[in-house]
Amino acid sequence: MKEIALTIEETNRKAIKLVIPIAVIMAVLFVLLHGYRAFFNWSWIGSVVFVGSVLSGIFIHELLHALVLGLFVRGGFSSIKFGFDRNTFTPYCHCTKPIRVRWYRLGAIMPLILQGILPFVVSLFTGSLGWWAFGVLFTVGAGGDLLAIEMLSGLRSRARVLDHPEKMGFYLLEECHKKDNRPLVS
């Protein structure tokens, strides 16, 4: 087994550098299409709905990870554990059994697609600041997930990884093709 992992501090530093340019691009695109007017059209009820959506979205983010991982890991959903890191005040989803890289990637990116990119695209068509802010927040919130996908680069999709129980990352389990004994790591 080979450990490929980062501490929480390293993850935060690298994730911020990764998502800030993306958030700036999202802001520029929204302003170019809809101007600044949308930023001044908040209502109290809209603000309450937005905050509620974000708070529930944090847990939905982890459920999306769990849904994909649970569908493809041996042992199914019983191999998925949830927790809360008291030091960083963040919930997490942990896969306790080895899983193929292709499914680990899909599990990592699903919240970004459904909670970040999709709401952002909706905001570009509707001019809704709420959809835009939700998309940007959950894109930034997926910074660690993007970093995990980056850490998986160079690994073949059939290789197996084991989610790291304490750090952001995984253990690469060395496997070979049955026919020619080539390592699955490129």
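Another point: the packing of helix α1 (residues 8-34) against helix α4 (residues 129-140). At their nearest, the axes of α1 and α4 sit 9 Å apart, and the two run at 165° to each other. Accordingly, the angle class assigned to the pair α1 and α4 is roughly antiparallel. Where α1 crosses over α4, the two elements pack in a sense that is right-handed. Every residue of α4 that contacts α1 at Val19, Ile22, Ala23, Met26, Ala27 and Phe30 is listed here: Leu129, Trp132, Gly135, Val136, Thr139 and Val140.

A few words now on the packing of α1 against helix α5 (residues 143-152). Where α1 contacts α5, the axes come no closer than 8 Å and their chain directions differ by 100°. Taken together, α1 and α5 sit at an angle that is classed as roughly perpendicular. For the pair α1 and α5, the contacting residues are Thr11, Lys14, Ala15, Leu18, Val19 and Ile22 in the first and Gly143, Gly144, Leu146, Leu147 and Glu150 in the second. Grouping the amino acids of the contact of α1 with α5 by side-chain chemistry returns 6 nonpolar, 3 polar and 2 charged.

In this structure the tally under the stated criterion is 7 aromatic pairs. Between phenylalanine 39 and tryptophan 132, the aromatic rings sit 5.4 Å apart at their centres with planes inclined by 80°, giving edge-to-face as the arrangement. Of this pair, phenylalanine 39 sits in the loop between α1 and α2 (44-72) while tryptophan 132 sits in helix α4, and the two are 93 residues apart along the sequence. Judged by relative accessible area, which is 28%, phenylalanine 39 ranks as partly exposed. Ring centres of tyrosine 104 and phenylalanine 170 lie 5.7 Å apart, and the angle between their planes is 70°; this geometry places the pair in the edge-to-face category.

This next bit is on the nonpolar core. Grouped together as the largest cluster of nonpolar side chains are 21 residues, with contacts concentrated most on Leu69, Ile80, Tyr104, Leu152, Leu155, Val161 and Phe170. Secondary structure elements with two or more residues in this core: β1 (2-6), α2, β3 (90-95), α3 (101-126), α5 and β6 (168-173). Of the residues forming this core, the biggest block, 4 residues, is contributed by α5. Formed by 14 residues, the second largest nonpolar core is a distinct cluster that contains Val54, Phe120, Leu129 and Phe138.

The terminal C-alpha atoms of α1, which comprises 27 residues, lie 37 Å apart, in line with the 39 Å expected from a rise of 1.5 Å per residue. Within α1, the full set of buried residues consists of Thr11, Ala15, Val19, Ala23, Met26 and Phe30. Positive phi shows up at glycine 35, right after α1, with a value of about 70°.

For the rest of this paragraph, the subject is the sheet that holds β1. The 4 strands are arranged β1-β6-β5-β4 in an open sheet whose pairing can be described as antiparallel. Of all strands in the sheet, those with a lone pairing partner are β1 and β4 (99-100), marking the two edges. Sheet analysis places β1 next to β6, joined by 5 bridges and oriented antiparallel. Counterpart to lysine 2 in the pairing with β6 is leucine 172. Contacts from α5 reach β1, β5 (160-163) and β6 within the one sheet, and its direction differs from that of β6 by about 25°.

Turning our eyes to something else, we now look at the pairing of strand β2 (residues 80-85). In terms of strand pairing, β2 meets β3 through 6 bridges, oriented antiparallel. Bridge pairing in β3 links phenylalanine 82 to cysteine 93. Between β2 and β3, which follow one another and run antiparallel, lie 4 residues, and phenylalanine 89 among them has a positive phi close to 55°.

This brings us to the environment of leucine 112. On the secondary structure map, leucine 112 appears in helix α3. Classification of leucine 112 as buried rests on a relative accessible area of 7%. Not counting residues up to four positions away in its chain, the partners in contact with leucine 112 are Ile117, Thr139, Ala142 and Leu146.

Scoring rules and cut-offs
Residues numbered from 1 in each chain as written. Predicted model: local features only at pLDDT ≥ 70, side-chain atom pairs only at ≥ 80, totals over all residues. Heavy atoms only, no water. Axes fitted to C-alpha atoms, helices over the stretch in contact; angles between N-to-C directions. Helix = DSSP H or I, 4+ residues; strand = E, 2+ residues; numbered from the N terminus. Parallel < 35°, antiparallel > 145°, perpendicular 65-115°, else oblique. Left-handed = near helix turned anticlockwise from the far one by under 90°. Contact = heavy atoms within 4.5 Å. Nonpolar A, V, L, I, M, F, W, Y, C, P; charged D, E, K, R; others polar. Phe/Tyr/Trp six-rings, centres within 6.5 Å; stacked < 30°, edge-to-face > 60°. Buried < 20%, exposed > 50% of the residue type's maximum accessible area, 1.4 Å probe, protein only. Core = buried A, V, L, I, M, F, W, Y, C linked by side-chain atoms within 4.5 Å. Expected span 1.5 Å × (residues − 1). Pairing = 2+ DSSP bridges.

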